[in-house]
Amino acid sequence: MVRETYRHGQSIWLDLIDRQLIRSGALKDMIENECLTGMTSNPTIFEKSISSSDLYTKDIKDLIASGKGNEEIFYCLALEDIQAAADLFLPVYQSPEKPGGDGFVSLEVSPKLAHDTAGSIQQANLLWNKAHRKNVMIKIPATAEGIPAIRRCIGEGININITLLFGLNRYEQVIDAYLSGLEDRLHAGQAIDGIASVASFFLSRIDVMIDPILEKKGLHQLKGNTAVALAKRAYTVYKKAFTSRRFKVLADRGAHPQRLLWASTSTKDPSFPDTKYVEALIGNDTIDTIPMESLHAFLDHGKVADTLESNLPEADHVLASVQTSGIDLEEIAQHLETEGIDKFIKPYEKLIASIEAHRADA
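Residues numbered from 1 in each chain as written. Predicted model: local features only at pLDDT ≥ 70, side-chain atom pairs only at ≥ 80, totals over all residues. Heavy atoms only, no water.

**Regarding the nonpolar core**
Then, number 1: Of all hydrophobic cores here, the largest spans 125 residues; its most connected members are Phe-74 and Phe-201.
Then, number 2: It is helix α6 (residues 70–93) that contributes the most residues to this core, 12 residues altogether. (Core = buried A, V, L, I, M, F, W, Y, C linked by side-chain atoms within 4.5 Å. Buried < 20%, exposed > 50% of the residue type's maximum accessible area, 1.4 Å probe, protein only. Helix = DSSP H or I, 4+ residues; strand = E, 2+ residues; numbered from the N terminus.)

**As for empty space enclosed by the protein**
Vacant regions in the atomic arrangement are exposed by a probe of water-molecule size rolled over the atoms.
Then, number 1: In the structure shown here, the tally under the stated rule is one cavity of 30 Å³ or more.
Then, number 2: Its boundaries defined by the atoms lining it, the largest cavity holds a volume of some 30 Å³.
Then, number 3: If you list the elements that add at least two residues to the lining of the largest cavity, you get α4 (43–51), α6 and β3 (104–108).
Then, number 4: Split into classes, the residues belonging to the lining of the largest cavity amount to six nonpolar, one polar and one charged. (1 Å grid on protein atoms, 1.4 Å probe; cavity = no way out; pocket = protein on both sides within 12 Å on 5 of 7 lines; lining within 4 Å. Points joined across faces, edges and corners; volume = space filled by probe spheres on them. Nonpolar A, V, L, I, M, F, W, Y, C, P; charged D, E, K, R; others polar.)

**Here's the deal with the packing of aromatic side chains**
Then, number 1: This model, assessed by the stated rule, comprises 11 aromatic pairs.
Then, number 2: Centroid distance Phe-74 to Tyr-348: 5.8 Å. Interplanar angle 85°. Geometry classified as edge-to-face. Residue Phe-74 is located in helix α6, and its partner Tyr-348 is located in helix α16 (residues 329–361); the two are separated by 274 residues in the primary sequence. Taken as a pair, Phe-74 and Tyr-348 share a single burial class, namely buried.
Then, number 3: An angle of 80° between the planes, with centres 5.0 Å apart, marks the rings of Phe-242 and Phe-247 as edge-to-face. With respect to class, Phe-242 is no different from Phe-247; both count as buried.
Then, number 4: Joined through ring pairs, the aromatic side chains of Tyr-178, Tyr-235, Tyr-238, Phe-242 and Phe-247 make up one cluster.
Then, number 5: In this arrangement the basic side chain of Lys-276 is found over the ring face of Phe-272, its NZ or CZ atom lying 4.8 Å from the centre.
Then, number 6: Between the NZ or CZ atom of Lys-276 and the centre of the ring of Tyr-277, over which it lies, the distance is 5.3 Å. (Phe/Tyr/Trp six-rings, centres within 6.5 Å; stacked < 30°, edge-to-face > 60°. Lys NZ or Arg CZ within 6 Å of the ring centre and 35° of its normal.)

**Brief notes about the pairing of β3**
Then, number 1: Judged by how many residues are buried, β3 sits mostly within the fold: five of five residues are covered.
Then, number 2: Alternating residues of β3 divide into Phe-104, Ser-106 and Glu-108 and Val-105 and Leu-107, and every residue in both groups is buried.
Then, number 3: Between the parallel elements β3 and strand β4 (residues 136–141), the chain passes through helix α7 (residues 117–131) in a crossover that is right-handed. (Right-handed = clockwise from strand over helix to strand, strands pointing away.)

Below is the structure:
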């Protein structure tokens, strides 16, 4: 099934990182047998992995004994897993089939830096250098403060995964930050052919927020359609930007397009199919990062077809109808961005607290 999506131009990445998955050989098997081509992580994923496994306990105690602080300990644990996963994906990264496009593993800067441009740049550089893997991406959220950090980090040659992207206006800023970063690097006389970036457009959270509003307005027929329609519009923005004269100048120097990545693809509303967001946006030069449960559902009964560019007039109609009803999609996007940061900060703080608990027991 995953191989079939690859033939349609879409890569499947796993939205999970877990030490047991890596050390048991299960991840290696999934890469080789199911054609997984990348992996993403976030603070919530790491909190669940570290808190639910005793595989981290000895390392935590040893790091405490060495005098490291709680946040430093977390990133030591995270980097070890990220490096191990990146090594497993290295053959994918080095594959001549899609150079520069796959085989990446992502690690996020602290969610507490979401509104700190200088802090994000500093930590992105630190994590990038410590990871010391060409097939690692550092995640920076698409906040107003994150945009200049993204540009700066791209200019410094760091692979960047832009996360928490919910709106089209911000997406255009993300593209500009990527292109500007490449241009900055060229002007500094440095190569741009080894840099990769993805823009992670979040899906199901959009419908979770908008659908109750639509129902109150009596627009039941639009329920569950806004996120997919926005994603299809985003893809048209992507195609325009990366066939432009501006990008051609960069492509002639070896630049890769900044691929769209569909995130938050698990189905939150049980009335929808569990493969809804995976099946709806299969298309060329895109990535879908999928939680394990959704991946299993897709492997079991998913359907593969070129859906990303199908029914585009209908998608435009959905967006027009939503906005005509009085729903401001950019306002929704801003709310979801703020909410998303908060949802990452809480598990991050819980994780740091659990490390502190180990310290108290030491």
